[in-house]
Amino acid sequence: GGIIISGKVSDLLVQSCHIANCSVEALRTTGFSEMENRSNNVVFDNNLIENIYGDGIVMSQVSGGSRVTNNTVYNACMTNDINFAGIWTVASKNTVISRNEVYGMKGGGPNDGMAFDADGWDDLSTTEGDIFEYNYSHDNNGGFMLFMSFAKNITVRYNVSVNDVGVTG
């Protein structure tokens, strides 16, 4: 990956980076699913991400004060070998995903490939209270937004989706 933040962190800013040509993921957090051990106040702002084999940005295992803002993700999800997305959250609580642009995604796997995704697959990975707003999604084969079954109370508002195909396997 490009920049991978592992473990419990607080008050972290990744800003104005150019991440390109990565084989799996460009920018992500990973850590602990239990609420008391999640990272907080993690901000990914104003980054340019392009030509990524898998995920663009993953905000995972965070609670409180985390944001994904003003980023551009271009040509991520270059394969259908596994499920990938442009910008997504998982095991996230009250994260704001705002003013991002995701475009030119061609793959993403048999069930994914959306520009944005509120994800979760069990009680420990539940995503709750995240807000997706003022984002611009265009020319993506997977469509604009995916909601997984363990995503709760997700707000999606004031976004623009243009020429997103919405094809899944």
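Now for a quick tour of the structure. (Residues numbered from 1 in each chain as written. Predicted model: local features only at pLDDT ≥ 70, side-chain atom pairs only at ≥ 80, totals over all residues. Heavy atoms only, no water.)

### Observations regarding the nonpolar core
Short version of the rule: Only buried Ala, Val, Leu, Ile, Met, Phe, Trp, Tyr and Cys residues count toward a nonpolar core, and they belong to the same one when joined by side-chain atoms within 4.5 Å. Think of it in three bands: residues with accessible area under 20% of the maximum for their type are buried, residues over 50% are exposed, and the middle band is partly exposed, with areas taken using a 1.4 Å probe on protein chains only. Secondary structure is summarised from DSSP: a helix means a run of H or I of at least four residues, a strand means a run of E of at least two, and numbering begins at the N terminus for each. Contacts are assigned to residue pairs that have any heavy atoms within 4.5 Å of one another.
Core analysis: the biggest nonpolar cluster contains 30 residues, and Leu27, Phe44, Ile49, Ile57, Ile87 and Phe116 have the highest contact counts within it. If you list the elements that add at least two residues to this core, you get β5 (40-45), β7 (57-63) and β13 (116-119). With three residues, the top contributor of residues to this core is β7. Those residues in contact with leucine 27 that sit more than four places away from it in its chain are Ile3, Ile5, Val14, Ile19, Phe44, Asn47, Ile49, Gly56, Ile57 and Val58.

### Some thoughts on the environment of threonine 155
On the secondary structure map, threonine 155 appears in strand β19 (residues 155-157). Relative accessible area serves as the criterion here: at 29%, threonine 155 is assigned to the partly exposed category.

### A closer look at unusual backbone geometry
For asparagine 46, which is not glycine, the phi torsion reads 60° and is therefore positive. Position of asparagine 46 among the secondary structure elements: in the loop between β5 and β6 (48-50). One non-glycine residue, asparagine 51, lies in the positive phi region at around 55°.

### Topic: the side chain of aspartate 119
For the record, the criterion: We count Lys and Arg on the positive side and Asp and Glu on the negative side, and we leave His and both chain ends out. Each salt bridge in this description consists of a side-chain nitrogen of Lys or Arg and a carboxyl oxygen of Asp or Glu lying within 4 Å of one another.
Mapped onto the elements of the fold, aspartate 119 is located in strand β13. Lacking a salt bridge, the buried aspartate 119 has arginine 28 as its closest oppositely charged neighbour, with an N-O distance of 9.4 Å. Dropping the residues within four chain positions of it, aspartate 119 is found in contact with Trp88, Thr89, Val90, Ala91, Ser125, Thr127 and Met148.

### Comments concerning the sheet that holds strand β15 (residues 131-133)
Adjacent strands of a sheet pair through backbone hydrogen bonds, lying either parallel or antiparallel. Under the convention used in this document: For two strands to pair, DSSP has to find at least two bridges joining them. Axis geometry follows a simple rule: fit a line to the C-alpha atoms, using only the stretch in contact for helices, then measure angles between N-to-C directions, giving values from 0 to 180 degrees.
Spatial ordering of the open sheet is given by β2-β5-β8-β11-β15-β19, a layout of six strands whose pairing is parallel. Strands at the two margins of the open sheet, each flanked by one partner only, are β2 (10-15) and β19. Along the sheet, successive strands turn relative to each other by an average axial angle of 5°, direction set aside. As paired elements, strand β11 (residues 96-98) and β15 share three bridges and run parallel to each other. Across the sheet, the residue bridging to isoleucine 97 is phenylalanine 132, located in β15.

### Describing the sheet that holds strand β12 (residues 101-103)
With parallel pairing, the six strands of this open sheet are ordered in space as β3-β6-β9-β12-β16-β20. The open sheet is flanked by β3 (18-20) and β20 (160-162), the only strands paired with a single partner. Averaged over neighbouring strand pairs, the angle between their axes works out to 10° when direction is ignored.

### What about the packing of aromatic side chains?
The cut-off we apply is this: Note on ring pairs: Phe, Tyr and Trp rings are taken, using the six-membered ring of Trp, and paired if centres are within 6.5 Å. Classes follow the plane angle, with under 30 degrees stacked, over 60 edge-to-face and the rest tilted. Any Lys NZ or Arg CZ found within 6 Å of a ring centre and within 35 degrees of that ring's normal is scored as a charge over the ring.
Enumeration over the complete set of coordinates arrives at four aromatic pairs. Ring centres 6.3 Å apart and planes at 75° place the aromatic pair phenylalanine 116 and phenylalanine 132 in the edge-to-face group. Taken together, the positions of phenylalanine 116 in strand β13 and phenylalanine 132 in strand β15 put the pair 16 residues apart, joining distant regions of the chain. As far as burial versus exposure is concerned, phenylalanine 116 and phenylalanine 132 are alike and both buried. The positively charged end of arginine 99 is found above the aromatic ring belonging to tyrosine 134, 4.5 Å away from the centroid.

### Some thoughts on the pairing of strand β4 (residues 27-30)
Looking at chain direction, strand β1 (residues 3-6) and β4 are connected through four bridges and run parallel. Note that in β4 the partner of isoleucine 4 across the bridge is arginine 28. Both β4 and β7 contribute to a ladder of two bridges, which runs parallel. Across the sheet, arginine 28 pairs through a bridge with valine 58, a residue of β7.

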